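Structure assessment
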Amino acid sequence: MEFSASSNLRSQAKRNKNNTEEVQEVLTHLFGPSFNPAQPLGFDNLQQHIDATTKSNHQQESASSLLTASSSSSSSSSTCSVGQKSSSPYVPNFKSGVKSFFGEKKPKNPTTVSPEGAIVNGKIGLSEEVGLQQHSLDVVPGNNLAIIGNNNFQSVKASHCVFKGKWMYEVLLGTSGLMQVGWCLASCKFNREEGVGDTKDSYAFDGYREAKWNGRSSTKYGMAWEADDIVTCLLDLDERRASFMLNGKNMGVAFTNISVGPSYAYFPGLSLAFKEIAYCNFGHRPFKYPVHGYQPLQPPPSSVTEAEMITTSLRQLYHLQEVRPDVSSKISFCHRNMILSHIMQRLCPLMKTVYNVDAYLLPLLLSVTPSICEQNKNTLLPVDDTAYKGLHGILSALWEYSDGKDSREIVNHIFASVMRNYRSSPTNVLLKAQTELLIFVQGLLRHKQTRRNITIACSFDKHSELPSLFHIKHISKHSENGLDSIVLCSEQTDIQQNPNPAHATNPFSINKERKAELESRIQVVKSLQKSIMRLLVVETTSDGNMVVSCTFVKYFRNYLKTICASTRQNDMTVVCPALVLHSFMQCLLNVVQWLWNYFAEFNAHYHQNEVPVKSQDAYIPIELFYTDTIDYFELQRAGGLKNFLFNEHKDVLAKEGVTVLRGRGRRSTNDDTSSWNDPFHRFSDDNNTSGPSILSHNEEDSDYDAFTPVIRLARALLNSNKGTSRGVMVTRQRSKQAKEETMPTKPAVLELADGCLLLYTSVIHQHMDKIHSIRVKVGDYRTALRNIESKLVKCGPEESAEVRASLEHSKSILLQHLCELQRSFTWLSASVYSAEAQENLWWMLQLALKTIHKSSDRGVLFKFIPEFYLSSTSKLYKCLREYMSSAVEFSTLPQFDTTLTLFVKFLSQFHCDSRIVNNDVKTSLANTIATFVTYPEQLKIVESLPEEDLNSFVRNMMYAYDEDKPWTSVGHRILATLWRGSGFAMRYDHPPYVRKVRTLLIRDRDPFVPSVLLNCIKKMLLNENELSGKFIHSILEHLNWSFSEFIGQLQEVQAQNARGWDNNSGLLASLDAQALRQLRIVDMLFELSVALMRVLELTVALAPHVYLDWEGRETSETLMNSLVQCINQILSRVTSKDNLFEKVVAEKQPGLSTVQHYPLMTGSSGILLSLLNQERDDWKERAMQKMLSDPSFDIKSIDFLLNLTSEDTLDDADTYHRGQVVPYSTTRSKKFKSLSDYEEVSNGEVMRLRAIIRTLRTADERRVAHEGEEEPMDEDNMCSICYAREVSVSFNPCNHSSCKACIRQHMMTSQECFYCKAIVESISDIPPPTNE
């Protein structure tokens, strides 16, 4: 049946009030026959008839209830009847003259009795509304019966208790963790260790551990629960038993012989662990799974009978044409609307109660909503707008025939009820319930007046579960139509035939046809979610233009503020987990990109050279950052705090047309000649206004009337004055560069895109490794499965049947877990981490990169960019590279090469940018570079950079090295990674090492040597003397520091080992926080030292001139001295007999598995080979002499590299044979003896190392033979700094003196004189003394 449009309903209903036979027949069909046969049912007596019918039905229900209560009372041992005062029970918070249910204490006032009506039908309570007693838990915003655990283990009781009869309540689980749900007495005392079920008279079910609890004893019971499951708690005090249901499935009787009688009244009770959520329903809403014979603690409202009758009449009126076409065709349209007006006038007051909406109105509206609604991909709207004609007819009647305030309240109840039903509906592969509910929500929002009300009232604070509407939760394990029909598990594997994990067949198969059907249904649901998001975000003006709803933007920004800038972040992210927020963000991003392309087509401001700027070229203009257009609620900016930046750069901002007072700056929005005003302005009630946004106020828009023109004008004036009082002065003048910007500077769609980026960075990214963790678990389970299979193969007939049965049982469990993980992986890949989601994150990465680069071009104004833009790029790239599903090949994403080039430039430029004050951000960017260069295809992108950009990349790596904090600098890690493949014992032309790299890095492509990048590094070292000298000096200083600290920390570890531990289990097992921290420091210092040695090897191999060109470089000899000294000291400390390093390694201390001889020996060997194998004889001689003349040099340390003795002549080059080799491992399966024992060291490297050792031996023998021939130095002319060389230079202008090596090394870090601290401008050679 069709209802008329809302604009004509009232006028048509008043035209005719005559009662015709057809009208009487329709009224009788809808409301039943008249109680007075002599007076036919008509409009004049319809209201009296409804009242009489309602009263009659209510009396019948009351009589039935009394009969049931009487029967229950007669079978119960209690003597208290319905409505009668009791002398035994105790009323909460009341003083009573009888023994209390809460304990044995006698009341202070024996004359006080329970008030009338506090005890009814076996229930005790002060009111019909059941709530929770005072507690310290957090609550979900807008729902006082939804509790959140905020500590270890907290408990709460309901406000009412029961002592006889059959009772029930439901709990919707917001999470799937540790909770105990059940019943308890008032005398039960709970703490952070004991909750419901842990005391004698409390009974609970725990689905997390699949157990029932009573008196701290647990028994296996029920099944595991999941988030959004519904637990039904049943208590039968007549039979003295308790039972539980999960999603309507009875799990059997849990407890029997429950104590009853005086002092025994049971409260619903819950105990929650930290961050667990439970939504309680004591009867204020209809139960999802009602049980016959059990009653709720909170009875249904008294109006429930009338509500059922009126909604039934409305349903019959709607279907009148189908049921009674003969009568429907005879009555006039006017009479039909008059009947509708009577129904609506009675219905609306009834539907202000949540129970009635859930029980009667919502099912009615769902029944008139189509179950299928095709979507238009271009408009994100339904293809057929007439599909919702029936629903919109009822909604129009609701708005027309009821008070506006009542209508708004009812619509809000409907929307909230739909969201609850969507979240609590079990999910299966058909997704039928989710699809129908989303179609209904779309229908609500397609009704203009209803959408208007929902968008105003639908704040995230009032409806904290709103993001859940855009998420498809995981298919329930309890569902009969689950993923087991798509992912089929097999009990047999071919691991025996394929022992290699890379080639072993999965123990499951995927039904591709059913998987395609599931993906198709998911796409249908997602298309509906996009449409709903579009209807919430976009408004259409009277002239047909689309604008962004300011209300949604305001609510969204407030939600971000709550998450990012308050202590309630945990609460909000627990209510809507990161996975849910990810789905919400993805849906919003789809709408943002769609809007962007729409405005690019119709808005001239989105054209550049008459070509539309599409969403793929989007960026955020920097004006939004320094004009305070977007509220970032005191978030850190790249250059520091906002107020500091505003005060520091007043002059620069003034040139941009921004005047700053009191730490805020802002532009004018009323310049008609600028691009600040455009159809992108935030939506307000007056669609044609371009005045101040209503978003500037902070008050809640709790009422629709707040948007009247008078209130709107008043707010605009107040906000204008508020802005002036804050010191915001604006001008209309814009800088030349700002005028040339193609992007509008204040569109709300940019604010939404900015918010998505903030939401991802703040909350979502840290949980995006879910699918990656599943992959890791799958790999672990496969490894365990292969081990079991191999054991079963080895298990011969002589083995006991018990051993084989145990292995088979373990195999079965692993297969089950493996299949569950694969099903989760399949679901997440299709629903959450889809190809579309990957492309949306890629778009956000592009947006952030373009915004950063364009902002950087504006000089110091770049400091105003929020810091999360910088951190978001690394996080997004990591997610796209490592976490997302491989639905779309990473290299096939749009504009891949261009975007990756932008990313490389971003990392290169900003990881050492002085405009960024937060060192953690710069360190994070440098760490990203170190990871970035491990991928071959990414290295190729780096090498494809223009020469200027490539030089900048290398130069910034050298400049970025922090001389004050070597442990935070990662430039050495980057260079050491680049050297992998060319260094000693890690060459990519050596097959064993290549296989090892592929296994460790899990790369699908062979690594390659970045020759172009290494050549650039070589040119930089050779051509920029000052830069290369300072960089290498810094590396040497840090190596000295790190290795010295490493040895010092080792001494402390050894001393603690000598003292022993309380549990005699070693350092790691002691769980001493300080000791564990010390182990981590030792490991970090060792890794740092090895990496620095590899960087030195790189510099020596690529540019030996830096160390040996003494004539062309002033610092070469100094660097050579430092290098030789450093390497000799390291070798001396770790190769001498019975040294500390040897002892720690021999003890195989847990936590220090990486601390071994091999990394240090390979690094030292690489430096020695590169340094001593010079083509120029004079350079080779210099290097040899420096090595031998160093006081720390010992030929035995060099022999240690190959485990040589003095008897080894090294003349057997033609007959030398290495023997058996093994791969290097941190498991320390064997003690280090010689580098020739490891397969990573090639034969050629071993032979070259033997040749170098032979040369050093020969030279050392000559040096020892001529030691006595050297002339003694003049002690009076010794350098007072090193006491190793004679004074040779003087300082200008102070004329102090020292040896040349000391002053040159000192001047690499300081220009001050050793003695007087004067600035040394130059040095002069002191002529040698003459012998007269």
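Residues numbered from 1 in each chain as written. Predicted model: local features only at pLDDT ≥ 70, side-chain atom pairs only at ≥ 80, totals over all residues. Heavy atoms only, no water.

1. Topic: the overall build of the protein
Tallying secondary structure elements over the protein gives 43 helices and 30 strands in all. A buried classification covers 53% of the 1332 residues belonging to the protein. Here the contacts in the protein between residues at least 6 apart in sequence split such that 73% fall between residues at least 24 apart. Summed over all atoms, the accessible surface of the protein reaches about 59,500 Å², with 48% contributed by carbon and sulfur. (Helix = DSSP H or I, 4+ residues; strand = E, 2+ residues; numbered from the N terminus. Buried < 20%, exposed > 50% of the residue type's maximum accessible area, 1.4 Å probe, protein only. Contact = heavy atoms within 4.5 Å. Areas by Shrake-Rupley, 256 points an atom, 1.4 Å probe, with all protein chains shown as cover.)

2. Examining helix H2 (residues 21–31)
Considered for burial, the residues of H2 that qualify are Val23, Val26, Leu27, Leu30 and Phe31. Each buried residue of H2 sits inside an arc of 105° when the element is viewed along its axis, so together they form one side. (Arc of directions from axis to C-beta.)

3. Overview of the pairing of strand S11 (residues 217–220)
Across four bridges, the pairing between strand S10 (residues 211–214) and S11 is antiparallel. Opposite tryptophan 213, over in S11, you have serine 218 as the bridge partner. The turn linking S10 back onto S11 is made up of two residues, and glycine 215 within it adopts a positive phi angle of 60°. (Pairing = 2+ DSSP bridges.)

4. Things to note about the pairing of strand S28 (residues 1289–1292)
One ladder, built from two bridges, connects S28 with strand S29 (residues 1297–1298); its direction is antiparallel. Bridge pairing in S29 links valine 1289 to serine 1298. Hairpin geometry of S28 and S29 is characterised by an intervening segment of four residues between the two adjacent antiparallel strands and by a positive phi of about 70° at asparagine 1295.

5. Side note on the packing of helix H7 (residues 333–350) against helix H9 (residues 389–400)
Two elements in contact, H7 and H9, have axes whose closest approach is 9 Å; the angle formed by their N-to-C orientations is 70°. Judged by the angle between their axes, H7 and H9 are roughly perpendicular. Taken together, the residues of H9 that come into contact with H7 (itself represented by Leu340, Met344 and Cys348) are Ile394, Ala397 and Leu398. Across the contact of H7 with H9, the residue classes tally to six nonpolar, no polar and no charged. (Axes fitted to C-alpha atoms, helices over the stretch in contact; angles between N-to-C directions. Parallel < 35°, antiparallel > 145°, perpendicular 65-115°, else oblique. Nonpolar A, V, L, I, M, F, W, Y, C, P; charged D, E, K, R; others polar.)

6. A closer look at the side chain of aspartate 1260
Looking at the secondary structure, you find aspartate 1260 in helix H42 (residues 1243–1265). Those residues in contact with aspartate 1260 that lie beyond four places of it in its chain are Leu1188, Phe1193 and Ile1195.

7. Some details on the packing of aromatic side chains
Using the criterion set out here, one finds 42 aromatic pairs in the structure. Relative to phenylalanine 282, the ring of tyrosine 169 has its centre 5.5 Å away and its plane inclined at 45°; by these criteria the two rings are tilted. Separated by 113 residues along the polypeptide, tyrosine 169 in strand S7 (residues 166–173) and phenylalanine 282 in the loop between strand S16 (277–281) and strand S17 (295–296) bring together distant segments of the chain. The burial state of tyrosine 169 is the same as that of phenylalanine 282; both residues are buried. Centre to centre, the rings of tyrosine 203 and tyrosine 266 are 6.3 Å apart; their planes meet at 50°, and the pair counts as tilted. Taken as a pair, tyrosine 203 in strand S9 (residues 202–206) and tyrosine 266 in strand S15 (residues 266–273) lie far apart in primary sequence, 63 residues in all. Taken as a pair, tyrosine 203 and tyrosine 266 share a single burial class, namely buried. Three or more aromatic residues joined by ring pairs make a cluster, and in this case those are Trp842, Phe862, Tyr877, Phe890, Phe896, Phe903, Phe906, Phe910 and Phe932. Taking NZ or CZ as reference, lysine 166 lies 5.8 Å from the ring centre of tyrosine 294, over its face. (Phe/Tyr/Trp six-rings, centres within 6.5 Å; stacked < 30°, edge-to-face > 60°. Lys NZ or Arg CZ within 6 Å of the ring centre and 35° of its normal.)

8. A closer look at the side chain of aspartate 1199
Relative to the assigned elements, aspartate 1199 resides in helix H41 (residues 1195–1199). Ignoring anything within four residues of it in the chain, the contact list for aspartate 1199 reads Leu1204, Ile1253 and Arg1257.

9. Some words on unusual backbone geometry
Keep in mind that most residues, glycine aside, have a negative phi and that most peptide bonds are trans. Of the consecutive residues asparagine 1292 and proline 1293, the connecting peptide bond is found in the cis state with omega at 10°. With respect to the helices, strands and loops of the structure, proline 1293 is situated in the loop between S28 and S29.

10. With respect to the pattern of salt bridges
Once the charged atoms of two side chains with opposite charge are near each other, the side chains can pair. Per the stated rule, a full pass over the model turns up 35 salt bridges. A salt bridge links arginine 1257 to aspartate 1199; the nearest nitrogen and oxygen atoms lie 3.3 Å apart. Taken together, the residues span a long stretch of sequence, with arginine 1257 in helix H42 and aspartate 1199 in helix H41 at a distance of 58 residues. We classify arginine 1257 as buried; its relative accessible area is 12%. When salt bridges with common partners are traced through the structure, they connect Asp228, Arg423, Glu465 and Lys473 into a single cluster. (Salt bridge = Lys/Arg side-chain N within 4 Å of Asp/Glu carboxyl O.)

11. A short note on the packing of helix H27 (residues 896–910) against helix H29 (residues 936–943)
Taken N-terminus to C-terminus, the directions of H27 and H29 make an angle of 75°; their axes are 10 Å apart at the nearest point. In terms of orientation, H27 and H29 fall into the roughly perpendicular class. Judged by residue contacts, Asp897, Leu900, Thr901 and Val904 of H27 engage Gln938, Ile941 and Val942 from H29. Class assignment for the residues of the contact of H27 with H29 results in four nonpolar, two polar and one charged.

12. Notes on the confidence of the model for the protein
Reading predicted coordinates in detail is not appropriate for stretches of low pLDDT. Averaged over every residue, the pLDDT of the protein is 80; the share at 70 or more is 81%. Every residue in residues 667–746 is under pLDDT 50, and counting partners more than four places away or in other chains gives 174 contacts. Across residues 1062–1071, confidence stays below pLDDT 50; counting only partners more than four residues off in sequence or on other chains, it has 17 contacts. (pLDDT = per-residue confidence, 0-100.)

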